[in-house]
Amino acid sequence: DFSISGQPGTPLLMNTFGGDTRSRDSCILLLPPACTVQSHKPHFLAVHCQEVGGKNYEASMSHVDSFVKELLSSDAMREYSRARVYLDENYKSQEHFTALGSFYFIHESLKNIHQFDFKAKKFKKVVGKETYSETLESTPSLEKEKFPQDYFPECKWSRKGFIRTRWALADCAFDLVNIHLFHDASNLVAWEKSPSVYSGTRQKALGYALDRITDQRHEKLPYFVFGDFNFRLDSKQVIESLCSTAAMQTVRAADTNEVDKLIFRESDNDRKVVLQLEKKLFNYVYQDVFRENNGTSLLQYDKELSVFKDRLHELEISFPPSYPYSEDSSQGKQYMNTRCPAWCDRILLSPSARELVLKPENEEKSIVYDNIGPNVCMGDHKPVFLSFRITAGAGKPNANKHKCCVVQ
């Protein structure tokens, strides 16, 4: 169990830049348990977490600091001589709290790595291990922002936002953005139209974040955005497909006459119920469709990224939907019947970042985009990772144009 809160269920995203310094390569990856780190042996490891402290953060936040200390001193991380940990733990600040956590580990063999100071507007060499929490707003090595409250008014206190850090290694400079977008509050509302109202809210928030990290305050760099985007399948279209031969029954609340439940029954087969849909219930009986062939047949309904096709790129998805998994430790592959399974957790690249992700001709597995612990319970989200190598100086064409790789 790799849990930020001391409880099972905290989703983790890890993105690792590592490689063979003797050949002057570096690599990028995203993953959680120690076995994944040992398998890929990254030289730069970036882990993006959402909901630090867990869902019951007021009671669980006290576990976070001891967890971080144990992680930093663990045998699995003993070769990572430098680290930067950023934890938004200040849940008493309604105005700023995002519950985001960003972890960055640098292998002892990586000699030359710098991090950007946004206040001083220059890169500084990374030395030692440092942890920052509470008032991240005043920490110069990151930019943190919470999305405006009116983006998601039905949630009284949203924790959604993003954290940005900037790095330089192997003569390349780039931004890493930890992001958490808005969820679907009701399956019934998501079903009402295509695309859903929640899809539009996520689009607005993601556009806000991209505009913010590419504005004129700093040089524009390649960027990697990874975290919980809460992207969902187009509910109306996927349900119509899954229940194409079923008849729909509408159940209304007696007091308000509002739709309380939708029941889809097969026209034959003794009118078997195939789907029950409520605000927080998505009970589909043929759940294997989301696991077979990694759910590939449903990718056609994963449309939310298409709006950003000129600004964000993604490697081919070859893993099942990352959410919502059962939190029962004995059911690592089982989905909960709360939401339609979807690829919520993603790693996205700007066009210039995609150019850094080089695939050597003789190394078919030099780039890996996959999930972690496919058969193991890791909470309601299954973490995903991206591992790749970057060649020294790969970003220099942009560097010459934008002076982005000049370390001061």
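Cut-offs applied
Residues numbered from 1 in each chain as written. Predicted model: local features only at pLDDT ≥ 70, side-chain atom pairs only at ≥ 80, totals over all residues. Heavy atoms only, no water. UniProt positions renumbered as here; feature names shortened; annotations may be inferred. Phe/Tyr/Trp six-rings, centres within 6.5 Å; stacked < 30°, edge-to-face > 60°. Lys NZ or Arg CZ within 6 Å of the ring centre and 35° of its normal. 1 Å grid on protein atoms, 1.4 Å probe; cavity = no way out; pocket = protein on both sides within 12 Å on 5 of 7 lines; lining within 4 Å. Points joined across faces, edges and corners; volume = space filled by probe spheres on them. Helix = DSSP H or I, 4+ residues; strand = E, 2+ residues; numbered from the N terminus. Polar contact = N/O pair within 3.5 Å; in protein donor to acceptor, adjacent residues only side chain to side chain. Contact = heavy atoms within 4.5 Å. Pairing = 2+ DSSP bridges. Axes fitted to C-alpha atoms, helices over the stretch in contact; angles between N-to-C directions. Expected span 1.5 Å × (residues − 1). Buried < 20%, exposed > 50% of the residue type's maximum accessible area, 1.4 Å probe, protein only.

- The chain has the name inositol-polyphosphate 5-phosphatase in an unreviewed UniProt entry, where Cyclopterus lumpus is given as its organism.
- Per UniProt, the comment on the chain under Sequence similarities (unreviewed entry) is "Belongs to the inositol 1,4,5-trisphosphate 5-phosphatase type I family."

1. Things to note about the packing of aromatic side chains
Turning to step 1, where the next piece is worked out: Summed over the entire model, instances satisfying the criterion amount to 25 aromatic pairs.
Turning to step 2, where the next piece is worked out: Through pairs of rings, three or more aromatic residues link up here, namely F44, Y86, Y104, Y132 and W167.
Turning to step 3, where the next piece is worked out: Directly above the ring of F116 sits R166, whose terminal nitrogen or CZ lies 5.3 Å from the centroid.

2. Section: empty space enclosed by the protein
Turning to step 1, where the next piece is worked out: For the structure shown, the criterion picks out three cavities of 30 Å³ or more.
Turning to step 2, where the next piece is worked out: Taken together, 13 residues line the largest cavity, and the ones lying closest to its centre are D184, N187, A190, S235 and C340.
Turning to step 3, where the next piece is worked out: Of all the secondary-structure elements, those providing two or more residues to the lining of the largest cavity are α4 (187-192) and α6 (235-242).

3. Examining the side chain of S186
Turning to step 1, where the next piece is worked out: Along the polypeptide, S186 turns up in the loop between β11 (172-180) and α4.
Turning to step 2, where the next piece is worked out: Polar contacts involving the side chain of S186 include one to the main-chain amide nitrogen of L188, which spans 3.2 Å.
Turning to step 3, where the next piece is worked out: When neighbours within four sequence positions are excluded, S186 is seen to be in contact with Y198, K279 and R339.

4. Quick look at the side chain of S326
Turning to step 1, where the next piece is worked out: By secondary structure assignment, the location of S326 is in the loop between β16 (281-284) and β17 (345-349).
Turning to step 2, where the next piece is worked out: Among the polar contacts made by the side chain of S326, one reaches the side chain of Q331 at a distance of 3.2 Å.
Turning to step 3, where the next piece is worked out: Each residue touching S326, except ones within four places of it in the same chain, is listed here: Q331, Q334, Y335, M336, C377 and G379.

5. Structural notes on the sheet that holds strand β15 (residues 273-278)
Turning to step 1, where the next piece is worked out: Pairing is antiparallel in the open sheet, where four strands are placed in the order β13-β14-β15-β16. A single partner strand is all that each edge strand has here, and the edge strands are β13 (246-252) and β16. Direction aside, the axes of adjacent strands within the sheet are offset by 15° on average.
Turning to step 2, where the next piece is worked out: In terms of strand pairing, β13 meets strand β14 (residues 259-266) through seven bridges, oriented antiparallel. Paired with A247 across the strands is R265, a residue of β14.
Turning to step 3, where the next piece is worked out: Packed onto the sheet, α6 meets β14, β15 and β16 and runs at close to 25° relative to β16.

6. With respect to helix α5 (residues 197-213)
Turning to step 1, where the next piece is worked out: Between its terminal C-alpha atoms α5 stretches 25 Å, which fits the 24 Å expected from 17 residues at 1.5 Å a residue.
Turning to step 2, where the next piece is worked out: Within α5 the residues assigned to the buried category are Y198, S199, T201, R202, A205, L206, G207, A209, L210 and I213.

7. As for unusual backbone geometry
Turning to step 1, where the next piece is worked out: The step from S194 to P195 runs through a cis peptide bond, and the omega angle for that step is -5°.
Turning to step 2, where the next piece is worked out: With respect to the secondary-structure elements, P195 resides in the loop between α4 and α5.
Turning to step 3, where the next piece is worked out: Residue P324 follows Y323 across a cis peptide bond; omega there is 0°.
Turning to step 4, where the next piece is worked out: Mapping P324 onto the fold places it in the loop between β16 and β17.
Turning to step 5, where the next piece is worked out: Phi is positive for A99, which is not a glycine, with a value near 60°.

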